[in-house]
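What follows is each chain in one-letter form.
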Amino acid sequence: MHAAIERLEAEGLVTLAPQQGVVVREISLQDIVNHYQLRQALEPFVVRRLAGRLTSAQVDLLKNNQARHRAALDAAQLVANIQVDAEFHHLLCEFLGNDEITHVMQQLRDRVQRTIYRIAKQFPERITDAYDEHKAILDALVSGDEEGAAELAYDHLENGLRRFWPGR
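This write-up is about the structure you can find in this document.

### A look at the packing of helix α2 (residues 29–50) against helix α7 (residues 146–164)
- For the pair α2 and α7, interaxial distance at closest approach is 8 Å and the crossing angle is 170°. If you check the angle between α2 and α7, you find them roughly antiparallel. Counted together, Leu29, Ile32, Val33, Tyr36, Arg39, Gln40, Glu43, Pro44, Val47 and Arg48 of α2 and Glu146, Glu147, Ala149, Ala150, Ala153, Tyr154, Leu157, Glu158, Gly160, Leu161 and Phe164 of α7 form the full contact between these two elements.
- Looking at side-chain class alone, the contact of α2 with α7 contains 13 nonpolar, two polar and six charged residues.

### Looking at empty space enclosed by the protein
- All told, the structure shown has one cavity of 30 Å³ or more when counted by the stated rule.
- Its volume calculated, the largest cavity comes out at about 170 Å³.
- If you trace the largest cavity, you find 16 residues lining it, with Tyr36, Asp85, Ile116, Arg126 and Ala130 closest to the centre.
- Broken down by secondary-structure element, the contributors of at least two residues to the lining of the largest cavity are α2, α4 (78–96), α5 (99–122), α6 (125–143) and α7.
- Element by element, the count of residues in the lining of the largest cavity is highest for α4, at four residues.
- Within the lining of the largest cavity, the residues separate by chemical class into eight nonpolar, five polar and three charged.

How each quantity is defined
- Every chain begins its residue count from 1, and numbering advances along the sequence as written.
- Confidence filtering applies because this is a predicted model: local features only for residues at pLDDT of at least 70, side-chain atom pairs given and counted only at 80 or more, and all residues used for totals across whole chains, interfaces and linings.
- Side-chain numbers come from the whole structure's heavy atoms, not from hydrogens or water.
- Every axis in this analysis is a line fitted to C-alpha atoms, fitted for helices over the stretch in contact. Angles between the N-to-C directions lie between 0 and 180 degrees.
- What counts as a helix is a DSSP run of H or I of at least four residues, what counts as a strand is a run of E of at least two, and both are numbered from the N terminus.
- By the definition adopted for this analysis, an angle is roughly parallel if under 35 degrees, roughly antiparallel if over 145, roughly perpendicular if from 65 to 115, and oblique otherwise.
- Only heavy atoms matter for contacts: two residues are in contact if any of them lie within 4.5 Å across the pair.
- Classification used: nonpolar for Ala, Val, Leu, Ile, Met, Phe, Trp, Tyr, Cys and Pro, charged for Asp, Glu, Lys and Arg, polar for all others including Gly.
- Only protein atoms enter the 1 Å grid used here, on which a cavity is any set of points holding a 1.4 Å probe that cannot leave and a pocket is any open set flanked by protein within 12 Å on both sides along at least five of seven lines; residues with an atom within 4 Å of a point are listed as lining.
- Grid points are joined across faces, edges and corners, and a volume is the space filled by probe spheres set on the points.

Have a look at this one:
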């Protein structure tokens, strides 16, 4: 238990406060901006490298993710939407096979889900938009459109970031 709390504290998700114990840290606007900018640097690179190179099993996993995302949308299941949204991004990084990028995305996993949750609560339409954007990214990946996939991935993240930083 102590090791788990130390990990959460090291990742900036909780703080240890005297007289209060473990306190969940609220995500600041700067945290969100930093998170998105890091992903904007990584994810377009990832999809550019994957475009036209996915195995049929990988395509099937992404299509299954899309089907689960659609089902969660149709059922208005917020938590399921958040999970499949984050999973889409993690699958892409895993498929690349770059252990360092996968490690960074694993470190961001909790923050990704917390950020998506915050966006979904404030901007419910973003869930549907994200689904459509994921579908477009997947289509570009399957068709082998490297630059299109990279641009779509960047724009997808930019669209999420603009919710919190409108003047961007």
